[in-house]
Amino acid sequence: MIKYSCIIIEDEPLALEKTKGFVLKTPFLNLLGTFDNALEGLAFLKLNKVDILFLDINMDELSGIELLESSRLDCQVIITTAYSEYALKGYELDVTDYLLKPFSFERFLQAVTRIQDKSGAVPSQALARQCIFVKTENRLEKVNLDEILFIEGMRDYRRIHTVNKRIMTLQNFSEFEQLIPANVICRVHKSYMVAIGKIDAIERSRIKISNQIIPISETYRAHFFSQIHG
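Computed from a prediction, not measured in an experiment: that's the story for all the values here.

Asker: Requested: an account of the sheet that holds strand β10 (residues 166-169), with residues and values cited.
Answerer: Taken in spatial order, the 5 strands of this open sheet run β10-β9-β8-β12-β11, and their pairing is antiparallel. Only two strands of the sheet have a single partner each, and these edge strands are β10 and β11 (185-189). On average, each strand axis in the sheet is inclined to that of its neighbour by 20°, with strand direction left out of account. Sheet strands in contact with helix α7 (residues 218-229) are β11 and β12 (192-195), and its direction is about 150° off that of β11.

As structure tokens, this is what we get:
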């Protein structure tokens with residue numbers, strides 16, 4: 001298993017402990033250190049090889065945005081913040097993902113499993129594939145990724161809408177996010193994943209796919225648009 005080394009720069013104790021807990025329970029992450037101010041974190045980055053930086057924005061002395069603007073970092077950056085208005089600025093600075101507090105472990109895992117390190121290696125969960133096998137009734141049914149329009153949450157079930165049929169399954173969104181790269185089928189709402197290549201139009205916070213209107217929630221907005229622009 002590929003291991004990614006990471007550090008956390010976060011000045012809110014509770015937020016720091018939450019992100020640290022998420023890192024420690026993720027098998028392919030190796031936490032090298034935590035810092036409550038950007039200057040100490042930056043000093044560590046200059047002396048050590050780090051794959052992933054979890055970076056808060058609002059901090060004293062040097063903010064996360066100022067750190068990114070003033071320093072050339074040789075690592076993937078995942079911003080963690082309570083302020084959605086910095087999302088566009090973050091992506092202008094080439095951050096990998098933007099986690100809006102309070103974020104769930106599911107959303108955290110979605111961000112870190114999509115990361116590709118500098119050597120081009122990726123965690124096994126994110127390897128590209130052309131199809132998936134879905135548990136439905138008493139069988140495993142093959143579904144080609146290029147036929148999926150969107151996946152809809154319906155209480156305990158997920159309904160996969162394809163160009164030819166609909167498939168009901170008990171598999172959850174987390175399983176789909178582990179199987180399918182986000183630049184192919186991306187989570188946009190707690191109840192929806194959409195096929196990027198099947199989108200007809202995007203207007204404000206709504207996506208149109210095959211005459212279906214799908215909402216984009218604030219939690220997933222920044223990550224979704226990073227896939228669109230990427």
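Asker: So, the packing of aromatic side chains: which residues are in play, and what are the values?
Answerer: Under the defined criterion, the tally for this structure stands at 9 aromatic pairs. With a centroid separation of 5.5 Å and an interplanar angle of 50°, the aromatic rings of phenylalanine 22 and phenylalanine 108 are classed as tilted. Of the two residues, phenylalanine 22 sits in helix α1 (residues 13-24) while phenylalanine 108 sits in helix α5 (residues 105-112), which places them 86 residues apart along the sequence. Residue phenylalanine 22 shares its accessibility class with phenylalanine 108, and that shared class is buried. Taking the centre distance of 6.3 Å and the plane angle of 55° together, the rings of phenylalanine 150 and tyrosine 192 count as tilted.

Calculation rules
All residue numbers refer to positions counted from 1 along the written sequence of the respective chain. Under the rules for a predicted model, residues below a pLDDT of 70 receive no local features and side-chain atom pairs below 80 are neither given nor counted, while totals for whole chains, interfaces and linings still include all residues. The side-chain numbers reported here are obtained from all heavy atoms of the structure, hydrogens and water having been left aside. The pairing criterion is simple: DSSP has to find at least two bridges between the two strands. Secondary structure counts use DSSP, requiring at least four H or I residues in a row for a helix and at least two E residues in a row for a strand, with both numbered from the N terminus. Here, axes are lines fitted to C-alpha atoms. For helices the fit covers the stretch in contact, and angles between N-to-C directions go from 0 to 180 degrees. The contact criterion used throughout is that any non-hydrogen atoms of two residues lie within 4.5 Å. Aromatic pairing here means that ring centres of Phe, Tyr or Trp (its six-membered ring) are within 6.5 Å. Orientation follows from the plane angle: under 30 degrees is stacked, over 60 is edge-to-face, and everything else is tilted. Between buried and exposed lies partly exposed: a residue is buried under 20% and exposed over 50% of the maximum accessible area for its type, with that area taken using a 1.4 Å probe on protein chains only.

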